[in-house]
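Summary of structural features
Chain by chain, the residues run as shown.
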Amino acid sequence: MKEKELRRSLAVLPIGTVMKLTDLTARQIRYYEEQELIMPQRNDGNRRMYSLNDIDKLFEIKDYLDEGVNMVGIKEIYLEKEVRAKRQRELLKKPLSDNDVRRIFQNEFLSVSGLKNPDEPSFNANKPL
DNA sequence: CTTCTCACA
DNA sequence: TGTGAGGA
């Protein structure tokens, strides 16, 4: 299941193909790059080359757009997504200390009982108390 | 022919 | 975001 992700990350599509696939103008595609929503690679001739992941990202962006979300909003969405991914990676690295486990169960209890927002971090994996 | 950057009657 | 210039 690793080989597949690698292929999806291969930048092999020129902007012209991406335009037809996404129904976006070159202007828009480049603008989204400027907003750091996508980071296409460049080939030898300084031409942008997009991966399948980029295509998916563009479709997502387009969806958010006609859902009424603006650039800043979309940026925030992806930013928060990165934060969560990072937090999750940290949890996979180091085993939980007894202290962490206790805090997690406590947070779980509060969430289930509806006394706390589930999204609110219960502890910092980087600096366990 | 396709894409790139830059700029705006 | 559109569009056109000027170069690669």
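Residues numbered from 1 in each chain as written. Chains lettered and ligands numbered in written order. Predicted model: local features only at pLDDT ≥ 70, side-chain atom pairs only at ≥ 80, totals over all residues. Heavy atoms only, no water.

**Regarding the overall build of chain A**
Counting its regular elements, chain A contains 6 helices and 3 strands. Helices and strands in chain A line up, N terminus first, as α-β-α-α-β-β-α-α-α. Within chain A, the fraction of its 129 residues that count as buried is 25%. Taking as baseline every contact in chain A between residues at least 6 positions apart, the subset at least 24 positions apart corresponds to 53%. Of the roughly 9,700 Å² of accessible surface on chain A, a fraction of 54% belongs to carbon and sulfur atoms. (Helix = DSSP H or I, 4+ residues; strand = E, 2+ residues; numbered from the N terminus. Buried < 20%, exposed > 50% of the residue type's maximum accessible area, 1.4 Å probe, protein only. Contact = heavy atoms within 4.5 Å. Areas by Shrake-Rupley, 256 points an atom, 1.4 Å probe, with all protein chains shown as cover.)

**Side note on the protein's contact with DNA strand C**
Looking at DNA strand C, the residues that line it are Thr25, Arg27, Gln28, Tyr32 and Arg47. The contact in question runs from a phosphate oxygen of DNA strand C to an N or O atom on the side chain of Tyr32, over 2.4 Å. Its residues placed into classes, the surface near DNA strand C shows 1 nonpolar, 2 polar and 2 charged. (Near = heavy atom within 4 Å. Polar contact = N/O pair within 3.5 Å; in protein donor to acceptor, adjacent residues only side chain to side chain. Nonpolar A, V, L, I, M, F, W, Y, C, P; charged D, E, K, R; others polar.)

**Observations regarding the side chain of Asp54**
With respect to the helices and strands, Asp54 occurs in helix H4 (residues 52-65). Salt bridges are absent for the buried Asp54, whose nearest opposite-charge side chain, Lys57, sits at 6.3 Å. Among the polar contacts listed, one links the side chain of Asp54 to the backbone nitrogen of Ser51, at a separation of 2.9 Å. Setting aside residues no more than four positions away along its own chain, Asp54 makes contact with Ile38, Met39, Pro40 and Met49. (Lys, Arg positive; Asp, Glu negative; His and termini not counted. Salt bridge = Lys/Arg side-chain N within 4 Å of Asp/Glu carboxyl O.)

**Side note on the environment of Leu52**
Examined against the element boundaries, Leu52 turns out to sit in helix H4. For the pair Leu52 and Arg8, spaced 44 residues apart in sequence, the C-alpha separation works out to 5.0 Å. In this structure Leu52 touches Arg8, Leu10 and Leu13, once residues within four positions along its chain are discounted.

**Examining the packing of aromatic side chains**
Per the stated rule, a full pass over the model turns up 2 aromatic pairs. Arranged with centres 6.3 Å apart and planes meeting at 85°, the rings of Tyr64 and Tyr78 form a pair that is edge-to-face. Of the two residues, Tyr64 sits in helix H4 while Tyr78 sits in helix H5 (residues 71-93), which places them 14 residues apart along the sequence. With respect to burial, Tyr64 and Tyr78 carry one shared label: buried. Residue placement shows Lys57 over the ring face of Tyr78; its charged tip is 4.7 Å from the ring centre. (Phe/Tyr/Trp six-rings, centres within 6.5 Å; stacked < 30°, edge-to-face > 60°. Lys NZ or Arg CZ within 6 Å of the ring centre and 35° of its normal.)

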